[in-house]
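Fold and contact review
One-letter residues, chain by chain:
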Amino acid sequence: MPMFILLGQEDRDAVAGPSSLTPGRALVPVERMAGVFILGAEVLDDPAHAPHRTYLSILPQVDGEDPSFPAAIPPVDA
């Protein structure tokens, strides 16, 4: 059962981007609905993202199999 951290736009802006500890590693929240982003909860155990651990640990989490899991944004036809 995969767990995900739920982030709003401000949360996403606060944590997205390269790791300050491990160049080449980054937090890349995925937008699921307008203004709702997710990150796999495993980032909480990743030493590369330790500077964000406290911030991320207080955000809500949801099981990927929970019916309330945010739906994916439908693809835009090109």
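Residues numbered from 1 in each chain as written. Predicted model: local features only at pLDDT ≥ 70, side-chain atom pairs only at ≥ 80, totals over all residues. Heavy atoms only, no water.

**Here we look at the packing of aromatic side chains**
Operational definition: Any Phe, Tyr or Trp ring, taking Trp's six-membered ring, that has another such ring centre within 6.5 Å forms a pair; planes under 30 degrees apart are called stacked, those over 60 apart edge-to-face, and the others tilted. Think of it as a cone above the ring: NZ of Lys or CZ of Arg counts as a charge over the ring if it is within 6 Å of the ring centre and within 35 degrees of the ring normal.
Scanning the model with the defined rule gives 1 aromatic pair in all. Over the ring of Phe 37 we find Arg 12, and its NZ or CZ is 5.9 Å from the ring centre.

**Digging into the pattern of salt bridges**
Inclusion rule: By convention in these notes, a salt bridge is any Lys or Arg side-chain nitrogen within 4 Å of a carboxyl oxygen on Asp or Glu. Between buried and exposed lies partly exposed: a residue is buried under 20% and exposed over 50% of the maximum accessible area for its type, with that area taken using a 1.4 Å probe on protein chains only.
Enumeration over the complete set of coordinates arrives at 2 salt bridges. The partner of Asp 13 in a salt bridge is Arg 12, and the shortest N-O contact between them spans 3.2 Å. Residue Asp 13 is classed as partly exposed on the basis of its relative accessible area, which comes to 48%. Overall, Arg 12 belongs to the partly exposed group, its relative accessible area being 27%. One salt bridge in this structure joins Asp 46 and Arg 25, with 2.1 Å as the shortest N-O distance.

**A look at the side chain of Ser 19**
Rules: Runs of H or I in DSSP of at least four residues are treated as helices and runs of E of at least two as strands, each being numbered from the N terminus. Pairing of N or O atoms within 3.5 Å defines a polar contact, subject to two protein rules: one partner must be a possible hydrogen donor and the other a possible acceptor, and residues neighboring in sequence count only if both atoms are side-chain atoms. Should any heavy atoms of two residues lie within 4.5 Å, those residues are counted as being in contact.
The topology assignment puts Ser 19 in the loop between β2 (17–18) and β3 (26–27). For Ser 19, a relative accessible area of 10% puts it in the buried group. Looking at Ser 19, its side chain comes within polar contact range of the main-chain nitrogen of Leu 21, at 3.1 Å. Beyond its immediate sequence surroundings of up to four residues, Ser 19 is in contact with Arg 25, Ala 26, Ala 48 and His 49.

**Topic: the side chain of Asp 46**
Position of Asp 46 among the secondary structure elements: in the loop between β5 (36–40) and α2 (53–57). Residue class for Asp 46 comes out buried when judged on its relative accessible area of 15%. Beyond its immediate stretch of four places on either side in the chain, Asp 46 contacts Arg 25 and Arg 53.

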